[in-house]
Amino acid sequence: TVAYGAADRVSPWAYEALAVPGIRDEPFAARVLAVASVSIGYEGRTDVAAALVNESLALRELHDDPSVAPMWVAQATWGSTAGRFEDAIELALTGVQIAERDSGQTLACVGLLAGAATFSQQLGRPDASSLAYRALEKAEHSRNPSTIALACFALGNGLRTSDPEA
């Protein structure tokens, strides 16, 4: 099992594992693709990383693999977009849908919404504040101080966009 904390040790070999014949037919394929996308994204091969994220999401749905925490998708999203904020927002919101459907994924949902809000703010999009408010609402429900702080950070960025004096 691939653990979240082991991403820096696992991702270098995950991309190589994709060359194994039939690996995409395995129930754990979504995990391998998500981890591989992180490594590839950090190497600057953002188009390949983004394709791996999309494939990971599709396989996760196909295999209904509950062990793939949406946080993997979030990390892969941020690693794969390399400044393409519209892509990051789209992928993050897809991850939010998965996180909302799965039980016990509040932290992932808040992280994805906070990331989408921050990227929206960078683009000057009007939805930055609403995404951040969604993150804060979920974070407050979790009663986790770190999660609440993350949502507040995103909200601060979102409000800055809507306030020209800030």
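Here, the structure is the one placed above.
Predicted model only: the values in this text are computed from it and were never measured.

Enquirer: How should the nonpolar core be read in this particular structure?
Expert: Generally speaking, soluble globular proteins have nonpolar side chains that are buried together. Grouped together as the largest cluster of nonpolar side chains are 21 residues, with contacts concentrated most on L113 and A151. Looking at this core, the elements with two or more residues in it are α5 (85–101), α6 (106–123), α7 (128–142) and α8 (145–162). For L113, the contacting residues outside a window of four places in its chain are L93, V96, L131, R134, A135 and K138. Among the nonpolar cores identified, the runner-up in size contains 14 residues, and L18, A29, A30 and L33 belong to it.

Enquirer: What am I meant to see in unusual backbone geometry here?
Expert: Comment: phi is negative for the bulk of residues other than glycine, and the bulk of peptide bonds are trans. Phi at R143 takes a positive value of approximately 60°, unusual for a residue other than glycine. Within the secondary structure layout, R143 lies in the loop between α7 and α8. Given the relative accessible area of 71%, R143 is considered exposed.

Conventions and cut-offs
- Residues numbered from 1 in each chain as written.
- Predicted model: local features only at pLDDT ≥ 70, side-chain atom pairs only at ≥ 80, totals over all residues.
- Heavy atoms only, no water.
- Core = buried A, V, L, I, M, F, W, Y, C linked by side-chain atoms within 4.5 Å.
- Buried < 20%, exposed > 50% of the residue type's maximum accessible area, 1.4 Å probe, protein only.
- Helix = DSSP H or I, 4+ residues; strand = E, 2+ residues; numbered from the N terminus.
- Contact = heavy atoms within 4.5 Å.

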